[in-house]
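# Geometric and topological summary
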Amino acid sequence: MTPTELNNLPVLANAIQLVSEVALNVIGNDIAAEVDGAKVTQASVKTLAAAYLNQTLAEKTNA
Amino acid sequence: MLDPNAIAAAVGLNQKYAGLGVSLTPIPDTPLSMICRECPSVGLSTESATYEVASTHLVDVSRGEEHAQLMAQSVELASGAVRRTLDFTRNTVYPHIRRVVEKYTTAMASLASCPLPYDLDAQYVPEVYRLAPGRSFVEQWESTPRASSPGVQNFGNYSPEEIISLSKLTDDGDFNSSMKELLEARNGEGVNLITQVLDGRMDVEKLPTEYVLPLAIVIKNIEMPKEGLQTTVASYNNARALIANIAGHRALGAIRQADTAFKNLSLYPVVTSAKPGCISVNGEVWSELLEQKFSLEMLIGNEILGRKFRGAQLNDADAREAMLSAYEGDKARRQAAHELNKKVAERAAVQNVLRDDIKCVAECGEFTVEGDTYDKAWGRLRDFIDAVYKNQFVQHDPVMVISAAICLVWYGHTDAARVVDIMYTIEKEQPSLPPSQVATLATLKYLCVWVTSQITVSVAQH
């Protein structure tokens, strides 16, 4: 791993965990708990969070 | 404790951003920076670190209570804030947007399509004129000269049922049912007009051509004067013969004219529609031309070129090409003009519905921004609309413009604009998703925007 990878990994992992836990907390109470017919689970919400985090980071990087 | 699944989900992103030379640093005093402080990657050397080693290390160093507590607190706080924003957007902002968008849709409904500026008036000879019994019937006048009109004549009053019954020529079922259909069409127009000729209210010369054959047959069939009619049998029969002669000759003329037009492919009828942009054609000839690969586009192309159709054009490739080019050129010009009008109308409609909305809210005294007045709110809105439509070449989604304007003017003190924007973007990208799933994805994206706002992104300079 490069120094940048070592530095960024905890930031990204914590960001994904924070987003996922808040989302599950909100989803559990208020909104649909499935996407494209698949239940949003502890594991899949992190994949979705990573995908959206990629978008928002890309927007910020390009800005 | 940091979840190994979160680390696994981060690996791909991490490789991508590190590869781009992007360093990510939590902004001090944000929830993310406090959580990250409890699981540093310090202590690992880059030589020995693999993702597996790094993952194990991060899980180990974050086992303490501090990480769990900070994570739980942040989740609690953020969940409350997100719920409030989503509730407010769903219960207040969206109904407001929907109300204004509905008014916009109504205002724009008339501009939905670009109508063809031409109408086709295909004049078909009624079927009874083409069927053998009708054609044979009128042949009796072929060898007799056409009589002069005797003016209106009174043969008595006939009911619609009597007219239908008297219009039967033979036992030919097809002919008789076609005749009935013709006379009863357009609310019994044929029956009504023939009745007027029979009771002396209309001159036979004024009867529309399509009804002269039925009249000739009816007249032939009323052999005896109606009871009470003041006339002699001789003068009654003389009047019958004259009216039948005129109607018969007119019917014969119509049949001959249709035959000649069909034979010569004469497209245009003698009597044409006076409606602007309406092209009248002989129906039978038109149907035949369509069989021979002529088309409506070519017909319109001819009109645009100021020409009339000639049979020779059918086999002339250059003529066909010229007709189609004229049509396409005209269509493109009309489409461009329509688009321009639509853009102008779109902006006007957006502006009008939003101004009406402000007026309505001002009259109800329900401004959500403290100290707002109609003038202040309208000023902000007008500036926004001017900025959006500054570049006339950029295409805007009016629903998004209305949503953004409403969020800006009424709900600028909340994060509603961001939620609405995220939802519209997801709806556009995945139009088949049900609203509840759009809400799920929008929540995730909204949270990612929030967490990204807690990260400094620096790109290494090469």
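Just above, that's the structure.
Anyway, here's the lowdown on the structure attached to this text. Because the structure is a prediction, the values reported are computed rather than measured.

Definitions and cut-offs
Residues numbered from 1 in each chain as written. Chains lettered and ligands numbered in written order. Predicted model: local features only at pLDDT ≥ 70, side-chain atom pairs only at ≥ 80, totals over all residues. Buried ≥ 20, exposed ≤ 12 C-beta atoms within 10 Å, placed from the backbone. Helix = DSSP H or I, 4+ residues; strand = E, 2+ residues; numbered from the N terminus. Contact = placed C-beta atoms within 7 Å. Expected span 1.5 Å × (residues − 1). Nonpolar A, V, L, I, M, F, W, Y, C, P; charged D, E, K, R; others polar. Axes fitted to C-alpha atoms, helices over the stretch in contact; angles between N-to-C directions. Parallel < 35°, antiparallel > 145°, perpendicular 65-115°, else oblique. Left-handed = near helix turned anticlockwise from the far one by under 90°.

## So, helix α9 (residues 212–221) of chain B
Residue and element names in this part refer to chain B.
- Most of α9 is tucked away, with eight of its 10 residues classed as buried.
- Those residues of α9 that fall on the buried side of the exposure criterion are V212, L213, P214, L215, A216, I217, V218 and I219.
- Structurally, α9 contributes buried residues whose contacts are with α5 (127–130), α6 (132–138), α7 (160–166), α8 (173–198) and α10 (233–264).

## Here's the deal with the environment of L70(B)
All names here are of chain B.
- Take L70: it is sitting in helix α4 (residues 65–108).
- Here L70 falls in the partly exposed class, since 19 other C-beta atoms lie within 10 Å of it.
- Those residues in contact with L70, other than ones at most four positions away along the chain, are M34, I35 and E38.

## Observations concerning the environment of E297(B)
- Within the secondary structure layout, E297(B) lies in helix α12 (residues 296–304).
- Separated by 34 residues in sequence, E297(B) and K331(B) place their C-alpha atoms 9.9 Å apart.

## Side note on helix α15 (residues 398–411) of chain B
- A rise of 1.5 Å per residue sets the reference length of α15(B), with its 14 residues, at 20 Å; its end C-alpha atoms lie 19 Å apart and thus fit the reference within 8%.
- Against the buried residues of α15(B) lie α4, α13 (317–364), α14 (374–388) and α16 (416–429) of chain B.

## Points about the interface of chain A and chain B
- Listed per partner, the contact involves 46 residues of chain A and 53 residues of chain B.
- Elements with a contribution of two residues or more to the side of chain A that touches chain B: α1 (3–29), β1 (34–35) and α2 (42–62) of chain A.
- Grouping the constituent residues of the side of chain A that touches chain B by class yields 27 nonpolar, 13 polar and six charged.

## Focus: the packing of α13(B) against α14(B)
Residue and element names in this part refer to chain B.
- At a minimum axis separation of 10 Å, α13 and α14 run at an interaxial angle of 160 degrees. Viewed along their axes, α13 and α14 adopt a mutual orientation that is roughly antiparallel. In the packing of α13 onto α14, the handedness of the crossing is right-handed. Mapping the contact onto sequence places V350, Q351, L354, R355, I358, K359 and A362 in α13 and Y374, A377, W378, L381 and I385 in α14.

## Overview of the packing of α8(B) against α9(B)
Residue and element names in this part refer to chain B.
- Close contact between α8 and α9 brings their axes to 10 Å; oriented N to C, the two are set at 60 degrees. In terms of orientation, α8 and α9 fall into the oblique class. In this structure, the crossing between α8 and α9 has a hand that is right-handed. Listed contacts from α9 to M179, L182, L183, G190, I194 and V197 of α8 are P214, L215 and V218.

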